[in-house]
Amino acid sequence: MPISANIPAPDFELLDETGTPRRLSDYRGRPVVLYFYPKDDTPGCTKEACSFRDDYSVYEEAGVVILGVSPDSPKSHAKFKEKYNLPFTLLADEEHRVCELYGAWGRKKFMGREYDGVLRTTFLISADGTILRVFPDVKPEGHSKEVLAALEAA
């Protein structure tokens with residue numbers, strides 16, 4: 001289960017696609033879309049990232065920061081970001097500590113096989129660092145529009 005809304009978003013530090021350490025608290029003062037996804041350059045994750053990319057100017061105008069988190073390495077993130085021209089930061093959670101902290105890690109089933117992995121989840125975080133909304137079990141198609149609608153309502 002993901003952590004809930006109306007609590008302070010737990011701070012963390014992860015490396016971005018360039019190997020630079022980034023903390024969630026570095027973005028205090030701006031709303032943040034923090035989205036957890038399973039793997040770079042896979043069909044669903046690419047669709048989700050590209051929808052955020054395609055709507056990026058709307059997020060930028062609203063002063064919103066987008067941070068994508070997966071267990072992939074900074075090198076993998078750099079390739080993914082370059083291949084799809086992603087204008088936002090990707091963070092490497094190789095030990096899935098932050099995924100676990102946010103409740104975005106757990107049992108999954110695929111083709112009859114059970115395994116532990118990233119549960120596709122998005123958190124909308126206010127400028128003061130409070131979680132405004134949690135999107136569990138995200139469907140990549142149309143998700144960015146769903147997040148934008150929540151931003152407008154906030």
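Criteria and thresholds
- Residues numbered from 1 in each chain as written.
- Predicted model: local features only at pLDDT ≥ 70, side-chain atom pairs only at ≥ 80, totals over all residues.
- Heavy atoms only, no water.
- Helix = DSSP H or I, 4+ residues; strand = E, 2+ residues; numbered from the N terminus.
- Rg over C-alpha atoms; globule rule 2.2 N^0.38 Å.
- Buried < 20%, exposed > 50% of the residue type's maximum accessible area, 1.4 Å probe, protein only.
- Areas by Shrake-Rupley, 256 points an atom, 1.4 Å probe, with all protein chains shown as cover.
- Lys, Arg positive; Asp, Glu negative; His and termini not counted.
- Charge placed at Lys NZ, Arg CZ, Asp CG, Glu CD.
- Phe/Tyr/Trp six-rings, centres within 6.5 Å; stacked < 30°, edge-to-face > 60°.
- Polar contact = N/O pair within 3.5 Å; in protein donor to acceptor, adjacent residues only side chain to side chain.
- Contact = heavy atoms within 4.5 Å.
- 1 Å grid on protein atoms, 1.4 Å probe; cavity = no way out; pocket = protein on both sides within 12 Å on 5 of 7 lines; lining within 4 Å.
- Points joined across faces, edges and corners; volume = space filled by probe spheres on them.
- Pairing = 2+ DSSP bridges.
- Salt bridge = Lys/Arg side-chain N within 4 Å of Asp/Glu carboxyl O.

Caption draft 1: Seen up close, the overall build of the protein chain. Helix and strand content of the protein chain: 5 helices and 9 strands. Going from N to C terminus, the protein chain has its helices and strands arranged as β-β-β-α-α-β-α-β-α-β-β-β-β-α. Scaling as 2.2 N^0.38, a compact globule of 154 residues should have a C-alpha radius of gyration of about 15 Å, and the protein chain matches this with 14 Å. With the C-alpha coordinates aligned to their principal axes, the bounding extent of the protein chain is approximately 40 × 30 × 30 Å. Every one of the 154 residues in the protein chain was classed for burial, and the buried ones make up 47%. Accessible area of the protein chain: about 7900 Å², with a carbon and sulfur share of 51%. The averaged location of the 25 negative side-chain charges in the protein chain is 4 Å from the averaged location of its 20 positive side-chain charges.

Caption draft 2: Highlighting the packing of aromatic side chains. This model, assessed by the stated rule, comprises 12 aromatic pairs. When the ring of F52 is compared with that of F88, the centres are 6.4 Å apart and the planes differ by 80 degrees; the resulting orientation is edge-to-face. Of this pair, F52 sits in helix α1 (residues 43-54) while F88 sits in the loop between α3 (74-83) and β5 (89-92); the two residues are 36 residues apart in sequence, bridging distant segments of the chain. Of the two residues, F52 and F88, both sit in the buried class. Members of the aromatic cluster, connected to one another through ring pairs, are Y35, Y37, F52, Y56, Y59, F80, Y84 and F88.

Caption draft 3: Representation of the environment of E141 in the model. Note on placement: E141 falls in the loop between β9 (131-135) and α5 (143-153). Taking the C-alpha atoms as reference points, E141 and G63, separated by 78 residues in sequence, lie 23 Å from one another. There is a polar contact of 3.3 Å between the side chain of E141 and the side chain of K47.

Caption draft 4: Up close: the environment of G68. Within the element layout of this structure, G68 appears in strand β4 (residues 65-70). Residue class for G68 comes out buried when judged on its relative accessible area of 0%. Residues G68 and A92, 24 residues apart in the sequence, show an inter-C-alpha distance of 8.8 Å. Residue contacts for G68: discarding those within four places in its chain leaves Y35, Y37, T89, L90 and L91.

Caption draft 5: Spatial organisation of empty space enclosed by the protein. Counted by the stated rule, this structure contains 1 cavity of 30 Å³ or more. If you add up the space inside the largest cavity, you get close to 40 Å³. As for the largest cavity, its lining consists of L24, Y27, R28, R30, V32, I125, S126, A127 and G129.

Caption draft 6: Main features of the pairing of β4. Among the 6 residues that make up β4, 6 are buried, leaving the element largely enclosed by the rest of the structure. Bridge count between strand β3 (residues 32-36) and β4: 5 bridges; the pairing is parallel. Residue F36 lies in a different strand from β4, and its bridge partner there is V69. In this structure, β4 lies alongside β5, joined through 4 bridges in parallel fashion.

Caption draft 7: Summary view of the pattern of salt bridges. Applying the stated criterion across every chain, the model contains 13 salt bridges. A salt bridge links E17 to K81; the shortest N-O distance between them is 2.7 Å. With E17 in the loop between β1 (13-16) and β2 (21-23) and K81 in helix α3, this residue pair connects regions lying 64 residues apart in the sequence. With a shortest N-O distance of 2.7 Å, D55 and K145 are connected by a salt bridge. Of this pair, D55 sits in the loop between α1 and α2 (56-61) while K145 sits in helix α5, placing them 90 residues apart in sequence. On the basis of relative accessibility, which here comes to 53%, the residue K145 falls in the exposed class. Overlapping salt bridges, with partners in common, bring together D11, E13 and R23 in one network.

Purely geometric stuff here, so don't read any function into it on its own.
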